[in-house]
Every structure is written in structure tokens, then in C-alpha cells.
Amino acid sequence: MEAEFGLLTDSEVAKILGVTSTNLIRLRNSGRIIAVKRGPSVRYPGFQFDRASRAILPVIRPLVAVARDNGWSNESLTLWMLGPTTSFEEEDRPADHLHEPELLLAAAHSHMEALW
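The structure presented is a predicted model; accordingly, all values stated were derived computationally and were not measured.

Criteria and thresholds
Residues numbered from 1 in each chain as written. Predicted model: local features only at pLDDT ≥ 70, side-chain atom pairs only at ≥ 80, totals over all residues. Heavy atoms only, no water. Core = buried A, V, L, I, M, F, W, Y, C linked by side-chain atoms within 4.5 Å. Buried < 20%, exposed > 50% of the residue type's maximum accessible area, 1.4 Å probe, protein only. Helix = DSSP H or I, 4+ residues; strand = E, 2+ residues; numbered from the N terminus. Contact = heavy atoms within 4.5 Å. Phe/Tyr/Trp six-rings, centres within 6.5 Å; stacked < 30°, edge-to-face > 60°. Pairing = 2+ DSSP bridges. Salt bridge = Lys/Arg side-chain N within 4 Å of Asp/Glu carboxyl O. Expected span 1.5 Å × (residues − 1).

With 34 residues, the main nonpolar core has I33, L77, W80 and M81 as its most contacted residues. Broken down by secondary-structure element, the contributors of at least two residues to this core are β1 (7-8), α1 (10-17), α2 (21-29), α3 (60-69), α4 (74-81) and α5 (101-112). Once you skip the residues sitting within four places of it in the chain, W80 turns out to touch L63, W72, P94, L104, A107, A108, H111 and M112.

Right, dumping it as C-alpha cells:
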């Protein structure tokens, strides 16, 4: 994940988004951004950003909401985003469908709401 997308620090994300560290904490706490623990620090998977427009991809907020509603941690959500799944015709990763929100969210609901 780090090699392909980056695991960004608070200061890197604040710079990308043009926000203060206080605003970044608000984004994290409100479920508008995915943050994962890595050792003693918090990191942000780079797949969730549109760096050209300096924005969080619109699908991230509802994706985090689905995960939270089903008791999934940000770490579990991140791992799911990077693993191949049969939810997609190509059997590729959810992260490969970030610009297809309906398809990605349908797959998230299917996986996260499944009863085992």
C-alpha cells in the first residue's frame, strides 16, 4: 500500500488538502477521511485523495459510513480496499473502483453487511 499509494503523514495530508492540523483532526473524527494507526502514529492511505484538485474523493465519506455502521475499523476497511474481490467483474480491488461510487458502495454493503 505504501509503495503504490503512499501512507501519508498529518503534515503531508494537510498540505495536499490545504487545511490546518485542527481541521484534519475534524475530518478524521467526522468520518470524512480514512486514517489508520501505524506504530505510534496515524497515517492516511493515499488512494483516497485527488491530488490534482486537492480534495478527498467523494466516495470516501459514504464508504467510511458503511464501514462504521457495520463495526469495521479503518484498518479493516483499508485492507478490504486493497484485496481482490469477486464483487467486480475483473475480480480486482475495491481501490481500483474509486471513481465508480455506486459499484464500490454496492460491493462495500455486500461485504460489510454479510452475516457469517
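Picking up after the structure, the text goes on.
Our next topic: the packing of aromatic side chains. Enumeration over the complete set of coordinates arrives at one aromatic pair. A ring pair is formed by F5 and F47, whose centres lie 5.7 Å apart and whose planes are at 85°; its orientation type is edge-to-face. Here the residue F5 occupies a position in the segment before β1, and F47 occupies one in the loop between β3 (41-45) and β4 (49-50), the gap between them amounting to 42 residues. A relative accessible area of 4% means that F47 is categorised as buried.

Turning our eyes to something else, we now look at the environment of N70. As for its position among the elements, N70 is in the loop between α3 and α4. A relative accessible area of 28% means that N70 is categorised as partly exposed. Measuring from C-alpha to C-alpha, the distance between N70 and A114 comes to 9.4 Å, with 44 residues separating the pair along the chain. Setting aside residues no more than four positions away along its own chain, N70 makes contact with M112 and E113.

Moving on to the pairing of β3. Where β1 meets β3, two bridges bridge the pair, whose relative direction is antiparallel. By the bridge assignment, L7 is partnered in β3 with P45.

Once that is clear, we can look at the pattern of salt bridges. Under the definition given, this model contains four salt bridges. Measuring nitrogen to oxygen at the nearest pair gives 2.6 Å for the salt bridge that ties E2 to R38. In this pair, E2 sits in the segment before β1 while R38 sits in strand β2 (residues 36-38), placing the two residues 36 residues apart along the sequence. Exposure remark for E2: the relative accessible area of 41% places this residue in the partly exposed category.

Once that is clear, we can look at α5. Since there are 3.6 residues in each turn of an α-helix, residues three or four apart along the chain are aligned in direction. Compared with an ideal rise of 1.5 Å per residue, which puts twelve residues at 16 Å, α5 spans 16 Å between its outermost C-alpha atoms and is within 8% of the ideal. Residues of α5 that are buried in the fold lie against α3 and α4.

So far we have only geometry, and geometry alone does not tell us how the molecule works.
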